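# Remarks on the overall topology
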Amino acid sequence: MMLLRGTPNLATASLCFICLLGLKLQSTATPCSIDVPGQVEYLIGKASEVTELDCRLYTPTISDYENCPNTTLTCFAEELKMLIKEWRSVSTFPKPPLVSGLKSLSSQFNKTESRCRCCECHKEENATAFLKRLLSTLEVMNSQNC
């Protein structure tokens, strides 16, 4: 066995160790978002202002998230996109970055998912209930990962 001796060899070995440590840290990154729940809270406040629409949205549960996080967050993102489209049809409503934030979060899950329910298989709920369930799901995700 050959031992590394001298400053250049020690520096090389240290640099390799630091690089490997960095790769390990990158691969264990977990989905976490501090700003997305605040955006959902804003939308919950707006939901009471848009009373002329009775939107019904497919609403996953926290249990769905725990079993199928990617599928669940993707479903929330797609349904949220439809909700915002509906709201924008009756009022000047800004397009929040929330949909892309949810899609980005969902892509961070590397867990293999099987037996996940399709989005249309979830119970339909009104906009306020949908947004509150989304907020609860994000809070669970952040409590586990942030």
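This one's a predicted model, so the numbers in the text were calculated from it and none came from an experiment. (Residues numbered from 1 in each chain as written. Predicted model: local features only at pLDDT ≥ 70, side-chain atom pairs only at ≥ 80, totals over all residues. Heavy atoms only, no water.)

## Comments concerning the pattern of salt bridges
Here is the rule: Just to be clear on terms, a salt bridge is a Lys or Arg side-chain nitrogen sitting within 4 Å of an Asp or Glu carboxyl oxygen. A run of H or I in DSSP becomes a helix once it reaches four residues, and a run of E becomes a strand once it reaches two; helices and strands are each numbered from the N terminus. Exposure categories follow from relative accessible area, calculated using a 1.4 Å probe and restricted to protein chains: below 20% of the type maximum is buried, above 50% is exposed, and the middle band is partly exposed.
One pass over the full model with this rule turns up five salt bridges. A salt bridge links Lys-81 to Glu-78; the nearest nitrogen and oxygen atoms lie 3.3 Å apart. Of this pair, Lys-81 and Glu-78 both sit in helix 4 (residues 69–90), three residues apart, roughly one helical turn. By relative accessible area, which is 38% here, Lys-81 ends up partly exposed.

## Describing the layout of surface pockets
In plain terms, the rule: A pocket here means an open set of points on a 1 Å grid, computed over the protein atoms alone, that has protein on both sides within 12 Å along at least five of seven lines. A cavity is instead a set of points where a 1.4 Å probe fits but cannot get out; residues with an atom within 4 Å of a point line either one. Grid points are joined across faces, edges and corners, and a volume is the space filled by probe spheres set on the points. Residues are grouped as follows: Ala, Val, Leu, Ile, Met, Phe, Trp, Tyr, Cys and Pro are nonpolar; Asp, Glu, Lys and Arg are charged; all remaining types, including Gly, are polar.
Empty space within the largest pocket amounts to approximately 150 Å³. Lining the largest pocket are Leu-80, Lys-81, Met-82, Ile-84, Lys-85, Arg-88, Lys-95, Pro-96, Pro-97, Val-99 and Ser-100. Those elements that provide at least two residues to the lining of the largest pocket are helix 4 and helix 5 (98–107). Here the element with the most residues in the lining of the largest pocket is helix 4; it accounts for six residues. Taken together, the residues of the lining of the largest pocket sort by class into six nonpolar, one polar and four charged.

## Some thoughts on the side chain of Ser-106
Selection criterion: Polar contact criterion, stated in full: a pair of N or O atoms within 3.5 Å, where within protein one must be able to donate a hydrogen and the other to accept it, and residues adjacent in sequence count only if both atoms are side-chain atoms.
As for its placement among the helices and strands, Ser-106 is situated in helix 5. Of note is the side chain of Ser-106, whose polar atom sits 2.8 Å from the backbone oxygen of Lys-103.

## Focus: the packing of helix 4 against helix 6 (residues 127–145)
Two quantities define a packed helix pair, namely the angle between the axes and the distance from one axis to the other. The condition that has to hold: Lines fitted to C-alpha atoms define the axes here, with helix axes fitted over just the stretch in contact, and angles between the N-to-C directions of these axes take values from 0 to 180 degrees. Should the near helix be turned anticlockwise from the far one by less than a right angle, the crossing is left-handed, and should it be turned clockwise, the crossing is right-handed. Whether two residues are in contact is decided by their heavy atoms, any of which lying within 4.5 Å being enough.
The contact between helix 4 and helix 6 brings their axes to 11 Å, and the two run at 145 degrees. Note on packing geometry: the crossing formed by helix 4 with helix 6 is left-handed. Contacts between helix 4 and helix 6 involve Leu-73, Phe-76, Glu-79, Leu-80, Leu-83 and Trp-87 from the first element and Ala-127, Phe-130, Leu-131, Arg-133, Leu-134, Thr-137, Leu-138 and Met-141 from the second.

## A short note on helix 2 (residues 35–47)
Formally: Helix span, as expected, comes to 1.5 Å for every residue beyond the first. Each direction from the helix axis to a C-beta atom contributes to the arc, which is the arc of those directions.
The terminal C-alpha atoms of helix 2 lie 19 Å apart, and with 13 residues this matches the ideal 18 Å at 1.5 Å per residue to within 8%. All of the buried residues along helix 2 are Val-36, Pro-37, Gln-39, Val-40, Leu-43, Ile-44 and Ala-47. With its buried residues spanning 155 degrees around the axis, helix 2 presents them on a single face. Where helix 2 is buried, its residues touch helix 4, helix 5 and helix 6.

## What about the packing of helix 2 against helix 6?
In plain terms, the rule: An angle below 35 degrees is read as roughly parallel, one above 145 as roughly antiparallel, one from 65 to 115 as roughly perpendicular, and any other as oblique.
With their axes 9 Å apart at the nearest point, helix 2 and helix 6 run at an angle of 165 degrees to one another. Looking at the two axes, helix 2 sits roughly antiparallel to helix 6. Here helix 2 runs over helix 6; the crossing is left-handed. Where helix 2 approaches helix 6, its residues Val-36, Pro-37, Val-40, Glu-41, Leu-43, Ile-44 and Ala-47 are matched on the opposing element by Thr-128, Leu-131, Lys-132, Leu-134, Leu-135, Leu-138 and Asn-142. Residue classes in the contact of helix 2 with helix 6 are distributed as ten nonpolar, two polar and two charged.

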